[in-house]
Amino acid sequence: MTTISTKPVYLYNTLSRSKGLFTPLHPPHVDIYSCGPTVYRDIHIGNFRAFMTPDWLRRMLEYNGYDVLLVRNITDVGHLQNDDVETGEDKLENEARTTGRSAYEIADYYTQKYLKDSDELNILPPQINPKATEHIPEMQAMTEKLVEKRLAYVANGNVYYDVSRFPNYGELSGNTVENLREGGHGRQQMEVAEDKDAPEDFALWKHGDENRQMNWESPWGTGFPGWHIECSAMSTRYLGEQFDIHTGGIDLRFPHHEDEIAQSYGVSGKEPVQVWIHNEFLIFGSLKMSRSKGNVILVSTLKERGIDPMAYRYLLLTAHYRSKLNFTDESITAAQNGLNNLRDDLAALPVPELSNGKQIDLWSEKASQVRDAFHTAINDDLDLPTALSITREVARDNTIDAAERWRLILDFDRVLGLRLDTVEAKAPRTVSDEVLALVKQRDEARAARDWKRSDEIRDLLKTQGYEVRDTPKGTELV
Ligand SMILES: [Zn+2]
């Protein structure tokens, strides 16, 4: 059984707009809901920042000894994820019409690609990957409750949330209804639909016409769910009415997450999420990466250009998740070089001896200090740029025993996730005749059970830069 570290974890909470001590509701468990992809087209590397941030969060919490449950949904009903307005065409249905494939085939095709790219980026699979299309009854049940409580109303087969009935609306994003109506906070257009009572009201259920492939029966007629209700329904289903952390890209703060709070609170009367975490955008040149700007880079694009997907992961480690990050030829090349250097440094170190295949948990005083600094950095709202610098420095820190440096770096990579455990040690150094003679003498001493002499030679070898490992075949140098 792992014990929880006594070192405090601090996280920045979008809701309180401050960094505070993180206390899980039910330790040692930490429950995280992370908004997943809409699978009607390829997921670009900018989108993946929103999946890597919770991956690092999870790894950091696991490093601290927590038992993390991560849920990331797959939006396989096509809503307009990047648009502030909910009007317009359903992109999944549109893709189906224009390609002649079924909406289900398209969703499945892009889901598989997304899972493959996640793996290439070493994003640990969430324990639960719920699909929206498999949770329609839960969404309908929540919508019915909201109608019952008169927080939502039905109009022409559509169901809308009545924002005027939820006084806390705008708390997460800072968007007040008045401000929204004036086009404030980046919301240029309010969703316009003639059967709504107010422009800020949003859809929980939409009437579906017969041209759609994805339609379901409901108490309000045939139709399909609104996007926001998906995440409220699936987070409640798997994590309960209240859970620890909800993550997503900064663009989801409004309206998606604001609407999730309104829905979940509306049903349960409780604050659904303790900590809201939002990552900033990846910027491509001076533009936010988006398809409409024509600058879309996929994991496969990186590979075609000879860039290791791990170099992209390394690049993201160089900036705090709440800072915008520039993706340029220079920045990705620098990241690839940085990663190569770290791998080379590691490959030059000896592979440490493991006792019965178990990781040794004893550290020298100097190594303990370095681990403490690393641990403090990751617990400080995921300060991964500092954690990465510490890792790079330790690789070259000659004041720490070489084998211990290897162990430290692999220990840190449990959080960084750069797959450094796949780095192989370089070819053995050419060993001088003098050293070989010492090895022979040591084997003879051990055969004669002359431990004193054997230890003396071990120390002598150490002064020459060789660690000694005893194997059934005799002394080995590392
Ligand atoms: Zn969501």
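See above for the structure.
These notes cover the structure that comes with them. As the structure is a prediction and not an experimental result, all values here were calculated from the model.

## Details of the environment of Y110
- Mapped onto the elements of the fold, Y110 is located in helix α3 (residues 103–120).
- When the 21 C-beta atoms within 10 Å are taken as the criterion, Y110 is described as buried.
- When residues no more than four places from it in sequence are discounted, the contact partners of Y110 are V39, Y40, R41 and D42.

## Let's talk about the nonpolar core
- Among the nonpolar cores identified, the biggest contains 111 residues, and Y161, L204, A311, Y312 and A387 are the most heavily contacted of them.
- For this core, the element with the most residues is helix α1 (residues 45–63), which contributes 9 residues.
- Three or more residues apiece are contributed to this core by two domains, here domain 1 (10–299) and domain 2 (305–316 + 327–422).
- Beyond its immediate chain neighbours, meaning those up to four positions away, A387 contacts F374, A377, I378, F412, V415 and L416.

## Describing the pairing of strand β1 (residues 10–13)
- Alignment of β1 against strand β2 (residues 18–21), held across 4 bridges, turns out to be antiparallel. Among the inter-strand pairings, Y12 is bridged to a residue of β2, identified as K19.

## A short note on unusual backbone geometry
- Residue P28 is bonded to the preceding P27 through a cis peptide linkage, with omega at 10 degrees.
- The residue P28 is located in the loop between β2 and β3 (29–34) in this model.
- A cis amide bond, omega 0 degrees, links F254 with the succeeding residue P255.
- Tracing the chain through its elements places P255 in helix α7 (residues 253–268).
- The backbone of N156 shows a phi angle near 55 degrees, a positive value even though the residue is not glycine.
- Along the chain, N156 turns up in the loop between β5 (152–155) and β6 (158–161).
- We classify N156 as exposed; it has 10 C-beta atoms within 10 Å.
- The backbone of R419 sits at a positive phi, close to 55 degrees, despite the residue not being glycine.
- Mapping R419 onto the fold places it in the loop between α13 (402–416) and α14 (433–447).
- The class for R419 is partly exposed, based on 15 C-beta atoms found within 10 Å.

## Quick word on the sheet that holds strand β4 (residues 67–72)
- Taking strand neighbours across the sheet as the criterion, the 4 strands line up as β4-β3-β9-β10 in an open arrangement whose pairing is parallel. Looking at which strands have only one partner, the edges of the open sheet turn out to be β4 and β10 (273–279). Shown here is a sheet whose adjacent strand axes are inclined to one another by a mean of 20 degrees, direction ignored.
- Pairing geometry for β3 and β4, over 6 bridges, is parallel.

## Some words on the sheet that holds strand β7 (residues 202–207)
- Taken in spatial order, the 4 strands line up as β5-β6-β7-β8 in an open sheet, and their pairing is antiparallel. Whereas interior strands pair on both sides, the edge strands pair on one side only; in this sheet they are β5 and β8 (223–225). Sheet twist, expressed as the average angle between the axes of neighbouring strands with direction ignored, equals 20 degrees.
- In this sheet, β7 lies alongside β6 in antiparallel orientation, the contact comprising 3 bridges. Bridged to Y160 within β7 is A203.
- Across the sheet, helix α4 (residues 136–148) touches β5, β6, β7 and β8, and the angle it forms with β5 is around 105 degrees.

## Observations regarding the environment of S331
- Mapped onto the elements, S331 comes out in helix α10 (residues 329–347).
- Separated by 13 residues in sequence, S331 and T318 place their C-alpha atoms 9.8 Å apart.
- Ignoring anything within four residues of it in the chain, the contact list for S331 reads L315 and N326.

## Structural notes on α1
- An ideal rise of 1.5 Å per residue puts 27 Å on 19 residues; α1 measures up with 26 Å between its terminal C-alpha atoms.
- Taking the largest bend as the criterion, α1 deviates by roughly 25 degrees, centred on F51, and proline P54 comes between one and four positions later.
- The element α1 is extensively covered by neighbouring structure, given that 16 of its 19 residues are classed as buried.

## A few points about helix α15 (residues 451–463)
- The end-to-end C-alpha distance of α15 is 18 Å, a good match for the 18 Å that 13 residues give at a rise of 1.5 Å each.
- Once α15 finishes, G465 follows within two positions and takes phi at roughly 90 degrees, a positive value.

## Focus: the packing of helix α11 (residues 365–379) against helix α12 (residues 384–395)
- Viewed as axis vectors pointing N to C, α11 and α12 meet at an angle of 160 degrees, and their least axial separation amounts to 7 Å. In terms of orientation, α11 and α12 fall into the roughly antiparallel class. In terms of crossing hand, the pair formed by α11 and α12 is left-handed. Mapping the contact onto sequence places V370, A373, F374, A377 and I378 in α11 and L384, T386, A387, I390 and V394 in α12.

About the criteria used
- Residues numbered from 1 in each chain as written.
- Predicted model: local features only at pLDDT ≥ 70, side-chain atom pairs only at ≥ 80, totals over all residues.
- Helix = DSSP H or I, 4+ residues; strand = E, 2+ residues; numbered from the N terminus.
- Buried ≥ 20, exposed ≤ 12 C-beta atoms within 10 Å, placed from the backbone.
- Contact = placed C-beta atoms within 7 Å.
- Core = buried A, V, L, I, M, F, W, Y, C linked by C-beta atoms within 7 Å.
- Domains from an automatic or database assignment.
- Pairing = 2+ DSSP bridges.
- Axes fitted to C-alpha atoms, helices over the stretch in contact; angles between N-to-C directions.
- Expected span 1.5 Å × (residues − 1).
- Bend = angle between axes of the 7 residues up to and from the residue.
- Parallel < 35°, antiparallel > 145°, perpendicular 65-115°, else oblique.
- Left-handed = near helix turned anticlockwise from the far one by under 90°.

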